[in-house]
Amino acid sequence: AQSVTQLGSHVSVSEGALVLLRCNYSSSVPPYLFWYVQYPNKGLQLLLKYTSAATLVKGINGFEAEFKKSETSFHLTKPSAHMSDAAEYFCAVSPQGRGAQKLVFGQGTRLTINP
Amino acid sequence: DGGITQSPKYLFRKEGQNVTLSCEQNLNHDAMYWYRQDPGQGLRLIYYSQIVNDFQKGDIAEGYSVSREKKESFPLTVTSAQKNPTAFYLCASGGQERKPQHFGDGTRLSIL
């Protein structure tokens, strides 16, 4: 069975500071990994994905994540936080394959940006 | 523009009532999904469909039903058997061949 753990349900950083959102996964098969962002009362928007190509993945809005197999981690980072980054962030995992993706989500991390 | 449309945005259910949430996509995706979102619990998969006229249960299917008569449409019915239906419901499509799933803007269901 797959699972995802996001460390920290709430993270608060100052504007301009480094953003680090942690995600650890467990999977018995090589996984696909995703980070999504959700703004209030909206659906999820894809930030970036890992599908077994480069381990350092760059996404939208200046975010990136590094796949570390030895640590079973896929942490999300952004060098300099902006007020517009305030949202909820979800890490998700699915097994590699050609069929429908049965995504398993972490519980989410709410990011607050302090002016 | 291509995308996923969920309606209504807000829905209220009376005791003992079945309600149906609509999800339509014009992305030409074969696969579609329904998720339930509760505060602090992330998203949980209710049902998914890989192709027309076929669907499978997800992790929390009890009290829900779906149909997939058209490629573009995947409605979700919340039945009276679902005793705790208050949640935010998200529909998604895609997610095959390494591609990510695309999400609609959700329907918030509450109990009257």
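Residues numbered from 1 in each chain as written. Chains lettered and ligands numbered in written order. Predicted model: local features only at pLDDT ≥ 70, side-chain atom pairs only at ≥ 80, totals over all residues. Heavy atoms only, no water.

**Some points on the overall build of chain A**
Looking only at helices and strands, one finds zero helices and 11 strands in chain A. Along its sequence from the N terminus, chain A presents helices and strands in the succession β-β-β-β-β-β-β-β-β-β-β. In terms of overall size, chain A behaves like a compact globule, its C-alpha atoms giving a radius of gyration of 14 Å where 115 residues would be expected to give roughly 13 Å. For the C-alpha atoms alone, the extent of chain A along its principal axes is close to 45 × 30 × 20 Å. Across chain A, every contact between residues at least 6 apart in sequence was considered, and the portion connecting residues at least 24 apart equals 57%. (Helix = DSSP H or I, 4+ residues; strand = E, 2+ residues; numbered from the N terminus. Rg over C-alpha atoms; globule rule 2.2 N^0.38 Å. Contact = heavy atoms within 4.5 Å.)

**Some thoughts on the interface of chain A and chain B**
Between chain A and chain B, the residue contacts involve 23 residues of the former and 25 residues of the latter. At the boundary of chain A with chain B, total buried surface from both sides reaches about 2,100 Å², with 48% on carbon and sulfur atoms. The interface formed by chain A and chain B holds one salt bridge in total. Lys42 of chain A is the partner of Asp105 of chain B in a salt bridge, and the nearest nitrogen-oxygen pair spans 3.7 Å. Between chain A and chain B we count nine residue pairs in polar contact (both at pLDDT 80 or more) in total. Of all the elements in the fold, those that place two or more residues in the side of chain A that touches chain B are β4 (31-38) and β5 (44-50) of chain A. In terms of residue count, β4 of chain A provides more of the side of chain A that touches chain B than any other element does, four residues in total. For the side of chain A that touches chain B, the class distribution of residues is nine nonpolar, 10 polar and four charged. (Buried area = accessible area lost by both parts, 1.4 Å probe. Salt bridge = Lys/Arg side-chain N within 4 Å of Asp/Glu carboxyl O. Polar contact = N/O pair within 3.5 Å; in protein donor to acceptor, adjacent residues only side chain to side chain. Nonpolar A, V, L, I, M, F, W, Y, C, P; charged D, E, K, R; others polar.)

**Topic: unusual backbone geometry**
Among all residues except glycine, the phi angle is most often negative; among peptide bonds, the trans geometry is most common. Look at the link from Ser7 of chain B to Pro8 of chain B: it is a cis peptide, with omega at -10°. Residues other than glycine seldom take positive phi values, yet Asn41 of chain A does so here, at roughly 60°. With respect to the helices and strands, Asn41 of chain A occurs in the loop between β4 and β5. Here Asn41 of chain A falls in the partly exposed class, since its relative accessible area comes to 35%. (Buried < 20%, exposed > 50% of the residue type's maximum accessible area, 1.4 Å probe, protein only.)

**Here's the deal with the environment of Ile51 of chain B**
Residues and elements named next belong to chain B. For Ile51, the location among the structural elements is in strand β5 (residues 43-51). Here the alpha-carbon distance between Ile51 and Gly2, two residues 49 residues apart in the chain, equals 19 Å. Those residues in contact with Ile51 that sit more than four places away from it in its chain are Asp30 and Arg68.

**Description of a nonpolar patch on the surface**
Judged by side-chain polarity, Tyr10, Phe12 and Leu112 of chain B come together as a nonpolar surface patch covering roughly 360 Å² of accessible area. Tracing the sequence through the fold places Phe12 of chain B in strand β2 (residues 10-13). (Patch = residues over 30% accessible without salt bridge, like charges linked within 9 Å, V, L, I, M, F, W, Y side chains within 5 Å. Areas by Shrake-Rupley, 256 points an atom, 1.4 Å probe, with all protein chains shown as cover.)

**Quick look at the sheet that holds strand β7 (residues 64-68) of chain A**
Residue and element names in this part refer to chain A. The strand order across the open sheet built from five strands is β1-β3-β8-β7-β6, with neighbouring strands paired in antiparallel fashion. For this open sheet the edge positions go to β1 (3-7) and β6 (56-58), each flanked by a neighbour on one side alone. Put simply, the sheet's adjacent strands are angled 20° from each other on average, direction ignored. Sheet topology note: the β1/strand β3 (residues 19-26) ladder contains five bridges and is antiparallel. Among the inter-strand pairings, Ser3 is bridged to a residue of β3, identified as Ser26. (Pairing = 2+ DSSP bridges. Axes fitted to C-alpha atoms, helices over the stretch in contact; angles between N-to-C directions.)

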